[in-house]
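Inside the fold
Each chain, letter by letter, is given below.
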Amino acid sequence: MARAATTTDAFNAVAEPRRREILDLLAGGERSVTQLVESLGLSQPLVSKHLRVLREVGLVRVRDAGRQRLYRLDAGPLRSIATWLGPFERAMSERFDLMDDVIRELKAQEDENDDDDDALGEGHAPD
Amino acid sequence: MTTTTHSAKVTLPTDTQILITREFDAPKHLVWKAYTTPELVARWWSGERAKVTSAEIDLRVGGTWRYVATANGGFEVAFHGEYREVSAPDRLVNTEIFEGAPEGVGMVTTTFTEAGGRTTMTQLCEYGDRAVRDMVIDSGMEGGMQESLDQLEQVAVSLT
């Protein structure tokens, strides 16, 4: 999957830790730049720069509320990451679900050995 | 087949990494055993849609491993690598190379952390660049197939 420049691609935009922090804060509700600056401890120009990038990739929306502008999260473009990761995550889940089965058998064998070292127990033979 | 509620969690900490986390209801020495014993690996590594035809493990620093699986339809995939750190039953570091694209070398650090008789396994997979990392996620030989089958299942369910 080819990737575009930072400013046009949500995948790249969230790779920057500060921008992820901004998204985390916005996930808690609308915030003004001033509030974000206070929470993040960054300079206003830097916060504004990150917000601009996030707006350009569609992760952040802005509206005017009286004198201030309020920013909010739009998780839509992030969902594409979840969609992208989905099949991989499912493949991993399937793999480790099978590993669960193996581990359950190992555990049962160990319990039987603990109960009675001489017993053969039910055991099992992997095919 | 067993159903379970502990699905694997996949995140992307950086542009070149994949982090996989999964919890198991067993102490770590058993998880380690299932993870590093060839005949046991053969039972889970390929998932349900493929079959492991070979699993070789030489579990020591500098030792190599190689797993081969055949998917439905006879499509074969093979991975191999070398162990860089072996600290049973806590931590394993190894390279991972998909033989279909051997230029992309992954470094996989797997840790097993036990608490209250349960074990959290984390796998941090690091690649040389983002393109390789993305290819690993895209590859979904299994995943793509899984998705198709899931869709097929949904269609089938909708028909009942």
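This text goes with the structure placed above it.
Only a predicted model underlies this, so the values are computations on that prediction, with no experimental measurement involved. (Residues numbered from 1 in each chain as written. Chains lettered and ligands numbered in written order. Predicted model: local features only at pLDDT ≥ 70, side-chain atom pairs only at ≥ 80, totals over all residues.)

On the side of chain B, 32 residues touch chain A, which itself brings 26 residues to the contact. A breakdown of the residues in the side of chain A that touches chain B according to their chemical character gives 15 nonpolar, one polar and ten charged. (Contact = placed C-beta atoms within 7 Å. Nonpolar A, V, L, I, M, F, W, Y, C, P; charged D, E, K, R; others polar.)

Before going further, it helps to spend a moment on helix H2 (residues 17–27) of chain A. All names here are of chain A. Among the residues making up H2, those that are buried are Arg-19, Ile-22 and Leu-26. Buried positions in H2, seen along its axis, are confined to an arc of 55° and lie on one side of it. Residues of H2 that are exposed and point over 90 degrees away from its buried face: Pro-17, Asp-24 and Ala-27. As for H2, its buried residues are in contact with helix H1 (10–13), strand E1 (31–32), helix H3 (33–40), helix H4 (44–56), strand E2 (60–65) and strand E3 (68–73). Of the residues trailing H2, Gly-29 is marked for its positive phi of about 135°. (Buried ≥ 20, exposed ≤ 12 C-beta atoms within 10 Å, placed from the backbone. Helix = DSSP H or I, 4+ residues; strand = E, 2+ residues; numbered from the N terminus. Arc of directions from axis to C-beta.)

Below, the discussion takes up the sheet that holds E2 of chain A. Hydrogen bonding along the main chain pairs the strands of a sheet, whether they run parallel or antiparallel. All names here are of chain A. Strand order across the open sheet formed by three strands is E1-E3-E2, with antiparallel pairing between neighbours. Two strands lie at the open edges of the sheet, namely E1 and E2, each paired on one side alone. The sheet contact formed by E1 and E3 spans two bridges and is antiparallel. Bridge assignment links Ser-32 to a residue of E3, and that residue is Leu-70. Here H2 sits on the sheet in contact with E1, E2 and E3, set at roughly 95° to E3. (Pairing = 2+ DSSP bridges. Axes fitted to C-alpha atoms, helices over the stretch in contact; angles between N-to-C directions.)

This is a description of form; function is not addressed.
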